[in-house]
Each structure stands twice: as structure tokens, then as C-alpha cells.
Amino acid sequence: MRHIKAPVKDRQAIRGDLYGVRDQVARIIEEVAQEGDQAVLRGSRRYDLSQGDTLKVPEDVLEESFYALEEDLKTAINTARDHIARFAELQMGCIAELEETPICPGVLLGHRVVPVDSCGCYIPGGSYPLISTVLMLAVPAKVAGVKRICACTPVKRGDRLPDRSVLGALWGAGVTEVYAAGGAHAVAAMAIGTQTIRPVDLIVGPGNKYVTEAKRQCFGRVGIDFVAGPSEVLVIAERGMGNEEFIAWDLLAQAEHDLDARSVLVTTDEELADRVTSRVERILQDLPTRDVASRSWEDNGEVLLAESMEEAVEMANRMAPEHLELLAKDPDLWIPKLRNYGSLFIGDHSAEVFGDYASGTNHTLPTAGAARYTGGLWVGNFLKVLTNQRITPMGAERLSQAAATLAEAEGLWAHRGAALARVPQGGRS
Ligand code: NAD
């Protein structure tokens, strides 16, 4: 595999930079633990130039923001919400309860599926008002049956409140407990609790490196979905497939997210690689977001020429990208070989942007290699599978010897006693 366009910035340096915020984030979490609201408000003033002095966004402001949304935006929100809900309901239908079932005579096992009591949704807002993220987090939480759903989103730069369209979308999605708080401060507040914000059981949602690192550090005290940091796309295009116009737009749609975003094309077609590279440069000339997109493309963008589709697929498995686009003559030949990705987009018309906004799959996806061990956010993240057992006297008799022998081997004598006590004469031996 060889580079047609190599990234300027070294990936290790970017990873190092992500880890570089570790100490700063630990300090922020400690400040929030010690000072609560005051630390969160100070963070908003410092990083978002907030003019506000309260965290809770009043419900009437949420409602007004919803009614102030442009009609076409409201329609788009409704379309996206319906698709996300429909897909979440279908997935919910795949998660069955297991009725108590005999594993052996007298030993009945089962499981229940129970939603978490509360969850906190982090809606990014540093660079763009991510209205779509509101739907991606709140809708599956609702479908899962989570009772308390709250949200944190940063104050709009220099304002008293977060972006009104995000607030309106939150109201539209049925989220009425909303806080004007961003970054690691918001994550810490939802994990630990402050005077105003009650702690939650689970924090979900994407964010920049401060948000991502804070979720990582708070995990254990609170549940998290996974690491969903700066965005990535990998496009695999087989020779004779792929349209340079489509690919160029998709690479830039990723690059415009932020300076750490990563867009990669791997192809077996050198001519396509050249056409895409020049198309990207041309689109960049007039792109309103070119300041970010061109730097991110320059620093992190890659175009690679693979010897074969096998090599391209192996590269994808190693990278474990958040988004993977597959442009191949026979995609079904390659799909079973692709093991690590957040979400897969098959064919020319399955643009990543549709998944970002409206097709119905979730756009909160694992980044930085986390797709090696997890898929994206889904209704299952809000649910717990709780096992139970019902053992009859006959079942206890069947299990007691194995349990007592293992307990004895481990030197756990009360365990042995508890097993033998269940069988006639057992506890007294
Ligand atoms: P954000 O809300 O994540 O971050 C803004 C907050 O960062 C601010 O409120 C502030 O508290 C904090 N902050 C900023 N500078 C700081 C500093 N120097 N020190 C400490 N804290 C600081 O918004 P954003 O910055 O626009 O980032 C959104 C991110 O979400 C992007 O990286 C995007 O790629 C990513 N994203 C990922 C997915 C996914 O599924 N993986 C989906 C959507 C977006």
C-alpha cells in the first residue's frame, strides 16, 4: 500500500495530544467535585465566554425555542426523529426477555431487560449546534424506556444560553431537563452531581477531546456509551467503482467537523485517487467551512493506493474507522470480511451524511479504534440484561457438590457451608 496523499500530522502526535489533556481534565473533574455549580459556571465563562449565571435552562425557554424553529427545520427534525425511532423500535424488538428455563432439572434461569433509571445526553456545541445529536441520543433513550433523560450542551459563544435550535430540538424530543454546560465540566457534573444537576446513571454522546477524556475518567462512577471523539471516515473504492464527486464531498464532510477529524480514501484505482484529490482541492476553494476543512484535510487526510481489495479490507480492519464506505463491484463478497467499523455505508448512494442525519441508524459512533470492541450507540446501551435464578430443593441437591468442591478448592469455607446447608445433612458435615 502506498500513499498518494500522506497526512502531514503524525497520528501518534494526535493521539498524544488527546492523552495530553488527561491532567487538565482530571483537575476539572476535581474542581466540579469540590465546588459544584460554581466550577461549571466558571468553565462556561472561560471556554464559551458565557454571560449566564445559572445552569438550568427554563422550560419556557425550551418551549419558545421549539416554536421559533423554522418550519422546514421542524419538518426535517420530525423526519429524522421518526426514522431514528422506527429503527430503535425494530432493534428493541430483537432484545428479548428470557423466561425462566431449566438448565438442568430444578435449576431455572432467565433474564429481564430493564432500562437504566436515568441518563445524561451530551450535545456538543463548541463548533456547531449539533441538532441531530439531540435526536440520536434522546430518541433511543425514550424507546428504551429511560425515565429521567437530561441533557447538557454548552452556552453559545458569548451568549447566556445554548444555541436555540438545539434547545428547540430538545423540547421537540421530549427532553425538558436541560443544562447550559459544556466540555469536561458538564460530564463531571452529570457523573458526580452538583447543587443543580442530580447525577445520572449513564452518560451518552459525542464530544471533543475534553468531553471524551472526561467520560473515560468518570467511567465506573457512571456508565458511559463508549469513546466517541473526533470523527473519522474511511472510503474503500474498488477499481472501476466510486464517483470522485461523491467521494470528495464525503471526505470533506468529515474534515469540516474539526481540526482532528480524519478522512481517508483507500482505492485500488490510481486514476480515481488522482481525480478525488483534485476534486477535493476544487471544492475546498468555495467551501464556507474551508478554514477547518482544508487544515484538517491537509493535516490528517490520506489517499492510499492498495494492491488489492484484500489489502484494503485488512487496512480497514486495522483502522477500525467510525464510518466506513464500501464502493465495490460485489459488496456482499467483502462485508463478511469487514469486522471493525462503527457504521457501514454500502454503495454510491449510501452517503455517510444520510446516516449522520436522517436514515435512522445512529451517528454516535466509536472513534480512535474503539470499533474494535464496540458498535455505535443503540437502544441496547440504555438497557441492562439482569439475570435471575429459581432453584428447587432437587436443583440444590444437583448443584451442591460441585459448588462445595469449588469453594473448598478456593479456600472459601462459608461458600462451601452455604452450598451444603441446602441439602439434607449437608450444612452439618
Ligand atoms: P464540544 O461541545 O464537544 O466541546 C466544547 C466544550 O469544550 C466547551 O464548552 C468547553 O467546555 C470545552 N473546551 C474547549 N476548549 C477547552 C480547553 N482549552 N480546555 C478545557 N475545555 C475546553 O464541541 P466541539 O468542540 O465542537 O466538538 C464536537 C466534537 O464531537 C467534534 O470533535 C466532532 O468530531 C465530534 N463528534 C463525534 C461524533 C461521534 O459519534 N464520534 C458525532 C458527532 C460529533
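Worth saying up front: this structure is predicted, and the values here are computed from it rather than measured.

1. As for the domain arrangement of the chain
The parts lose accessible area when they come together, and the size of an interface is often stated as this lost area. As assigned here, the chain comprises domain 1 (24–68 + 115–224), domain 2 (230–375) and domain 3 (392–427). For domain 1 versus domain 2, the distance between C-alpha centres works out to 30 Å. Taken together, the contact between domain 1 and domain 2 spans 11 residues of the former and 12 residues of the latter. A combined buried area of about 820 Å² lies between domain 1 and domain 2, and 58% of that area is made up of carbon and sulfur atoms. The three residues of domain 1 that bury the most area against domain 2 are Tyr 128, Ser 132 and Met 136, which together make up 61% of that side's buried surface. Counting across the domain 1 and domain 2 interface gives 3 residue pairs in polar contact (both at pLDDT 80 or more). The element contributing the most residues to the side of domain 1 that touches domain 2 is helix H6 (residues 131–144), with 5 residues. Of the residues in the side of domain 1 that touches domain 2, the class split is 5 nonpolar, 5 polar and 1 charged.

2. Examining the sheet that holds strand S14 (residues 383–391)
Pairing within the open sheet is antiparallel, and its 3 strands lie in the order S2-S3-S14. In the strand order of this sheet, the two ends are held by strand S2 (98–104) and S14, each with one partner. Between one strand axis and the next, the sheet turns by 25 degrees as a mean value, whatever way the strands run. Of the strand pairs in this sheet, strand S3 (residues 107–115) and S14 are connected by 9 bridges, and their pairing is antiparallel. Across the sheet, His 111 pairs through a bridge with Thr 387, a residue of S14. In this fold helix H16 (residues 393–410) packs onto S2, S3 and S14, with an angle of close to 95 degrees to the strand it touches most, S14.

Rules and cut-offs
Residues numbered from 1 in each chain as written. Predicted model: local features only at pLDDT ≥ 70, side-chain atom pairs only at ≥ 80, totals over all residues. Heavy atoms only, no water. Domains from an automatic or database assignment. Contact = heavy atoms within 4.5 Å. Buried area = accessible area lost by both parts, 1.4 Å probe. Polar contact = N/O pair within 3.5 Å; in protein donor to acceptor, adjacent residues only side chain to side chain. Helix = DSSP H or I, 4+ residues; strand = E, 2+ residues; numbered from the N terminus. Nonpolar A, V, L, I, M, F, W, Y, C, P; charged D, E, K, R; others polar. Pairing = 2+ DSSP bridges. Axes fitted to C-alpha atoms, helices over the stretch in contact; angles between N-to-C directions.

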